[in-house]
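# Descriptive analysis of the structure
For reference, the chains in residue letters:
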Amino acid sequence: MAGVPLRLVIHAPTAAALERARRNAANLRKARPDGAIRIVANAEAVAAALDRPDPDTDPLLRLCGNTLAKLGRPASGLTVVEAGVLDIAEAQAEGWGYMRA
């Protein structure tokens, strides 16, 4: 639907979900380059994001700060949010769509 702003949060809680989220985001950006996309990674997906960077989709990533603290790992150059669940809930309250990868 042309003219309707597209804003989508893709939730990735596992390593496999992160890979799907990255592919989904890339496909969506191709189809709707004007859309806003976030990939919120928590749980197992945080370590996967740190271990396997992807320069095309890393700018879309938002890593759960709670998971990072539990892992004791830094997230150099990546966006960290207080809590993945909070980031998703706030985005939905602002009208963003939600998709679990």
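Predicted model only: the values in this text are computed from it and were never measured. (Residues numbered from 1 in each chain as written. Predicted model: local features only at pLDDT ≥ 70, side-chain atom pairs only at ≥ 80, totals over all residues. Heavy atoms only, no water.)

## Notes on helix H2 (residues 44-51)
This is how it is decided: Relative accessibility decides the category of a residue: with a 1.4 Å probe and only protein chains considered, values under 20% of the type maximum give buried, values over 50% give exposed, and everything between is partly exposed. Helix and strand definitions follow DSSP, with helices as H or I runs of at least four residues and strands as E runs of at least two, each counted in order from the N terminus. Note on contacts: a residue pair is in contact if any heavy atoms of the two residues lie within 4.5 Å.
Where H2 is concerned, the buried positions are Ala45, Val46, Ala48, Ala49 and Leu50. Against strand S1 (7-12), helix H1 (15-31), strand S2 (36-41), strand S3 (61-64) and helix H3 (65-71) lie the buried residues of H2.

## Description of the packing of H1 against H2
Rule in force here: Fitted lines through C-alpha atoms give the axes, limited to the stretch in contact for helices. The angle between two N-to-C directions lies from 0 to 180 degrees. These descriptions rest on fixed angle ranges, namely under 35 degrees for roughly parallel, over 145 for roughly antiparallel, 65 to 115 for roughly perpendicular, and the rest for oblique. We call a crossing left-handed when the near helix sits turned anticlockwise from the far one by less than a right angle, and right-handed when that turn is clockwise. For this classification, Asp, Glu, Lys and Arg are treated as charged, while Ala, Val, Leu, Ile, Met, Phe, Trp, Tyr, Cys and Pro are nonpolar and the rest, including Gly, are polar.
For the pair H1 and H2, interaxial distance at closest approach is 7 Å and the crossing angle is 60 degrees. In terms of orientation, H1 lies oblique with respect to H2. For the pair H1 and H2, the crossing hand works out as right-handed. Here Ala15, Leu18 and Arg22 of H1 come into contact with H2, specifically with Glu44, Ala45, Ala48 and Ala49. Residues of the contact of H1 with H2, tallied by class, amount to five nonpolar, no polar and two charged.

## Remarks on the environment of Pro5
Its location among the elements puts Pro5 in the segment before S1. Residue Pro5 is classed as exposed on the basis of its relative accessible area of 69%. A C-alpha to C-alpha distance of 9.9 Å links Pro5 and Arg32, two positions 27 residues apart in sequence.

## Overview of the sheet that holds S1
Stated precisely, the cut-off is as follows: At least two DSSP bridges between two strands are needed for those strands to be called paired.
Spatial strand order, S4-S3-S2-S1-S5: five strands in an open sheet with parallel pairing. Each edge of the open sheet is held by one strand with a lone partner, namely strand S4 (79-81) and strand S5 (97-100). Across the sheet, the mean angle separating the axes of adjacent strands is 30 degrees when strand polarity is ignored. Pairing geometry for S3 and S4, over three bridges, is parallel. Within the sheet, the bridge partner assigned to Arg62 lies in S4 and is Thr79. Against the sheet, helix H4 (residues 84-93) engages S1, S2, S3, S4 and S5, with an angle of about 155 degrees to S2.

## Observations regarding the pattern of salt bridges
Condition: The rule for a salt bridge is simple: a side-chain nitrogen of Lys or Arg has to be within 4 Å of a carboxyl oxygen of Asp or Glu.
Per the counting criterion, the structure on display carries six salt bridges. For Glu19, the salt bridge goes to Arg22, with nearest N and O atoms at 3.7 Å. Here Glu19 pairs with Arg22, and both are found in helix H1, just three residues apart, close to one helical turn. Under the relative-accessibility criterion, Arg22 is labelled buried at 7%. In this structure, Asp51 engages Arg73 in a salt bridge whose closest nitrogen and oxygen atoms are separated by 2.8 Å. Taken as a pair, Asp51 in helix H2 and Arg73 in the loop between H3 and S4 lie far apart in primary sequence, 22 residues in all. Take Asp51: its relative accessible area is 48%, and that puts it in the partly exposed class. Members of the salt-bridge network, linked through shared partners, are Glu19, Arg22 and Asp58.

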